[in-house]
Amino acid sequence: MSPSKVFQSPEEKIRSELGLSSGVLIIRRNAPAALLYEDALLERNTAISSTGALIAYSGEKTGRSPKDKRIVDEPTSANKVWWGPVNRKVSERTWDINRERAVDYLRTREHLYIVDAFAGWDPRYRIKIRIVCCRAYHALFMTNMLIRPTEEELAEFGEPDFTVWNAGQFPANTHTEGMSSKTTVEINFKAMEMVILGTEYAGEMKKGIFTVMFYLMPINHNVLTLHSSANQGIAKGDVTLFFGLSGTGKTTLSADQHRLLIGDDEHCWSDYGVFNIEGGCYAKCIGLSAEKEPEIFNAIRYGSVLENVVYEPVSRVVDYDDSSITENTRCAYPIEYIPSAKIPCLSNSHPSNIVLLTCDASGVLPPVSKLTPEQVMYHFISGYTSKMAGTEQGVTEPEATFSSCFGQPFLALHPMKYATMLAEKMSQHNANAWLINTGWTGASYVSGGKRCPLKYTRAILDAIHGGSLANADYETLPVFGLSIPRAVEGVPSELLNPSRNWVEGEEKYSKAVTSLANLFVQNFKIYQDQATKEVLYAGPQL
């Protein structure tokens, strides 16, 4: 190997990959926020908010495009990947065409950005990620979302374990075999690369890396990857995991001034404890206020990226209640912007409480239920929630959905793999499990029910963390068999049992229960051949 290859810098390597001579374009590696701000402001519609955050727009796509997620069908991973509606196959030939298409586009840009950083806070398991993109806002976004290396770590970074080629401004060719639209997000586990075409939504990069961790951690290290937030008690050091899809409250509920934040979205549970995959948070901003969510509100400052928000053009004050662009307004900020963040973002303690969050638009499920081991398996595999407006293209109001492991769009392996690992870890470490409904109470979304107030959900969590809820007096919710506490300090007792506060009467409530129970039963049929009788019985009994 020649000396030029041995000592080739990352910038030189990218020039070589793109077939460019020196000086043809500017490549910025791990650029500071100030420089990325300057470059980003040259782009159309980019601005600085009144609090100093960078405001950017993702173009036509303001949410993920799950139907355009693909994994390359190649021999090293083909027998491991969970193929189907989540992970669509794409041939190696199509991958080659799309990768070359992305590279062709990137080589025409005046500026390129490299972000070299880590996924995973535990040095025993972290992987080196390289992002190559041509929008400054994308570079700042991933600088915030990945774990930022020190100067020494960056100097010794070497070859990445995984590379993302983001040419999202350029469309895929719909005439290419396997392409159903101009958008494609493709992962190749043999090449350890990802290509993005036809979408500028920054969340595709973040969730692509998540899928990679869902694949690598269980297979290579027997480490469980989780779509969850996590925090730790300051006094007792107890860890709580919060599972849930976007819009169910993972970010909001884990940002608790009385607890240390390990992370808001993506974690791994190893033999040594829990560690965050990311170096930042990606919080929903719709309806955000300093009163309701002060830690998140105050994190939106210089260095943060506000995405697809509406602002007053003179004062640059953001209107967090304006959803005219999208319901899925977001902010990406470094996790250290949260005062209660636990740095480094890992814990040597194993979880004491597992919280499954659902946003139930039917209003049937109670605000909190204590789950048996079998019930937590059933509800983890089911992953019921109501998909919230704006989290995906075309979703404009809540709709019932089931997402296995509360993260089906990001799973690389069969859901039973993750569910079995979770059951083993919970049994080993004696973790309690809870189902919390942050959705509607009193009636369904359609019938005018109200969403459970955040202050009551926080009071429920305080009772969980304080230990009082584990020893409370319980009653059983018919059909679902859920154990409901009769009283929780700080929560109106009439709110706890939905069968008693249904505004349309008991008969209509019973019909709503039967309707939701049928959805659960139908969904679980695809898993019942691999589930035990005890787990099957833990579901709704009609």
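Residues numbered from 1 in each chain as written. Predicted model: local features only at pLDDT ≥ 70, side-chain atom pairs only at ≥ 80, totals over all residues. Heavy atoms only, no water.

Participant: Please set out unusual backbone geometry residue by residue, giving values where relevant.
Facilitator: Cis peptide bonds are those with omega within 30 degrees of zero, and the linkage from isoleucine 343 to proline 344 qualifies with 0 degrees. If you trace the backbone, proline 344 turns up in the loop between strand S20 (330–334) and strand S21 (346–347). In the Ramachandran plot, phenylalanine 406 falls in the positive-phi region, its phi being about 55 degrees despite a non-glycine side chain. Turning to its location among the elements, phenylalanine 406 is positioned in the loop between strand S25 (399–402) and helix H11 (415–429). (Helix = DSSP H or I, 4+ residues; strand = E, 2+ residues; numbered from the N terminus.)

Participant: How would you explain the sheet that holds strand S2 (residues 47–48) if you had to name every residue and give the values?
Facilitator: Read from one edge of the open sheet, 5 strands run S2-S3-S17-S20-S16, paired in mixed fashion. Strands at the two margins of the open sheet, each flanked by one partner only, are S2 and strand S16 (280–284). Here S16 pairs with S20 via 5 bridges, running antiparallel. Looking across to S20, one finds that cysteine 281 is bridged to tyrosine 333. (Pairing = 2+ DSSP bridges.)

Participant: Can you explain the pairing of strand S12 (residues 239–243)? Please cite residues and give values.
Facilitator: Counting buried residues along S12, 5 of its 5 residues qualify, which places the element largely inside the surrounding structure. The alternating pattern of S12 places Val239, Leu241 and Phe243 and Thr240 and Phe242 on opposite faces, both of which are buried. The pairing of strand S11 (residues 224–233) with S12 spans 5 bridges and is antiparallel. What sits directly across from asparagine 231, in S12, is threonine 240. Linking two consecutive strands that pair antiparallel, namely S11 and S12, is a turn of 5 residues; a positive phi of about 75 degrees is found at glycine 237 within it. (Buried < 20%, exposed > 50% of the residue type's maximum accessible area, 1.4 Å probe, protein only.)

Participant: Which residues make up the packing of helix H3 (residues 33–40) against helix H5 (residues 136–145), and what are the values?
Facilitator: The N-to-C vectors of H3 and H5 enclose an angle of 150 degrees; their axes lie 8 Å apart at closest approach. Taken together, the axis directions place H3 and H5 in an arrangement best described as roughly antiparallel. The interaxial crossing formed by H3 with H5 has left-handed handedness. Only Ala136, Tyr137, Ala139, Leu140 and Thr143 of H5 make contact with H3, whose side of the interface consists of Ala33, Leu36, Tyr37, Asp39 and Ala40. Its residues assigned to classes, the contact of H3 with H5 comprises 8 nonpolar, 1 polar and 1 charged. (Axes fitted to C-alpha atoms, helices over the stretch in contact; angles between N-to-C directions. Parallel < 35°, antiparallel > 145°, perpendicular 65-115°, else oblique. Left-handed = near helix turned anticlockwise from the far one by under 90°. Contact = heavy atoms within 4.5 Å. Nonpolar A, V, L, I, M, F, W, Y, C, P; charged D, E, K, R; others polar.)

Participant: Kindly report on the sheet that holds strand S9 (residues 184–188), identifying the contributing residues and their values.
Facilitator: One open sheet accounts for 8 strands, arranged S1-S6-S7-S8-S10-S9-S4-S5; its pairing is mixed. A strand with exactly one partner marks an edge of an open sheet, and here the two such strands are strand S1 (26–29) and strand S5 (88–90). Strand-to-strand twist across the sheet, computed as the mean angle between neighbouring axes with direction ignored, equals 20 degrees. Relative to strand S10 (residues 193–197), S9 runs antiparallel, the two sharing 5 bridges. Looking across to S10, one finds that glutamate 186 is bridged to valine 195. Contacts from H5 reach strand S6 (111–119), strand S7 (127–133) and strand S8 (162–167), with the element oriented near 10 degrees to S6.

Participant: Give a description of the nonpolar core that names residues and reports values.
Facilitator: Counting 152 residues, the largest nonpolar core has Leu306 and Phe480 as the members making the most contacts within it. The biggest single contributor to this core is helix H7 (residues 203–221), with 9 residues. Looking at this core, you find at least three residues from each of domain 1 (17–36 + 65–221) and domain 2 (351–538). When sequence neighbours within four positions are dropped, the list of residues in contact with phenylalanine 480 reads Val364, Leu365, Gln375, Val513, Leu516, Ala517, Phe520, Ala538 and Pro540. (Core = buried A, V, L, I, M, F, W, Y, C linked by side-chain atoms within 4.5 Å. Domains from an automatic or database assignment.)

Participant: Tell me about the environment of serine 49, and name the residues and values.
Facilitator: Positionally, serine 49 belongs in the loop between S2 and strand S3 (54–56). Assessed through its relative accessible area of 6%, serine 49 is described here as buried. Separated by 431 residues in sequence, serine 49 and phenylalanine 480 have C-alpha atoms that sit 47 Å apart. In contact with serine 49, other than residues within four places in its own chain, are Ile55, Leu306, Arg316 and Val318.

Participant: Go over the domain arrangement of the chain, please, and point to the residues and values.
Facilitator: What the domain assignment lists for the chain is domain 1 (17–36 + 65–221) and domain 2 (351–538). Distance between the C-alpha centres of domain 1 and domain 2: 34 Å. With 15 residues of domain 1 at the interface, the matching set in domain 2 holds 14 residues. In this assembly, domain 1 packs against domain 2 so that about 1,300 Å² is buried in total across both faces, 72% of it on carbon and sulfur atoms. Per-residue buried area on domain 1 facing domain 2 is highest for Trp82, Phe214 and Pro218; these three make up 47% of the total on that side. Inspection of the domain 1/domain 2 interface yields 0 salt bridges. Seen at the junction of domain 1 and domain 2, the total is 5 residue pairs in polar contact (both at pLDDT 80 or more). Looking at the side of domain 1 that touches domain 2, the element that brings in the most residues is H7, giving 7 residues. The residue inventory of the side of domain 1 that touches domain 2, partitioned by class, reads 9 nonpolar, 3 polar and 3 charged. (Buried area = accessible area lost by both parts, 1.4 Å probe. Salt bridge = Lys/Arg side-chain N within 4 Å of Asp/Glu carboxyl O. Polar contact = N/O pair within 3.5 Å; in protein donor to acceptor, adjacent residues only side chain to side chain.)

Participant: Requested: an account of the packing of aromatic side chains, with residues and values cited.
Facilitator: The final tally for this structure, using the stated rule, is 20 aromatic pairs. Ring geometry for phenylalanine 141 and tyrosine 282: centres 5.0 Å apart, planes at 85 degrees, overall edge-to-face. Pair noted here: phenylalanine 141 is in helix H5 and tyrosine 282 is in strand S16, with a separation of 141 residues, a long-range link. For phenylalanine 141, a relative accessible area of 1% translates into the label buried. Here tyrosine 384 and phenylalanine 520 contribute two aromatic rings whose centre-to-centre distance is 5.2 Å and whose plane-to-plane angle is 50 degrees, an arrangement assigned as tilted. One end of the pair, tyrosine 384, is in strand S24 (residues 384–387); the other, phenylalanine 520, is in helix H14 (residues 506–524), with 136 residues separating them in the sequence. (Phe/Tyr/Trp six-rings, centres within 6.5 Å; stacked < 30°, edge-to-face > 60°.)

Participant: How would you sum up H7? Please name residues and give values.
Facilitator: Along its 19 residues, H7 runs 26 Å from first to last C-alpha, staying within 8% of the 27 Å computed at 1.5 Å per residue. With respect to burial, H7 is a largely interior element, 16 of its 19 residues being buried. Taken from the residues just after H7, asparagine 222 is the one with a positive phi, measuring 55 degrees. (Expected span 1.5 Å × (residues − 1).)

Participant: Account for the side chain of serine 382, with residues named and values stated.
Facilitator: Tracing the backbone shows serine 382 in helix H10 (residues 373–382). The contact partners of serine 382, leaving out residues within four places of it in the chain, are Phe402, Ser403, Ser404, Phe520, Asn523 and Phe524.

Participant: Go over H3, please, and point to the residues and values.
Facilitator: Taken residue by residue, H3 has Leu36, Tyr37, Asp39 and Ala40 as its buried positions. In a view along the axis of H3, the buried residues occupy a sector of 165 degrees, so they form one face of it. In this structure, the buried residues of H3 make contact with S1, S2, S3, S6 and H5. (Arc of directions from axis to C-beta.)

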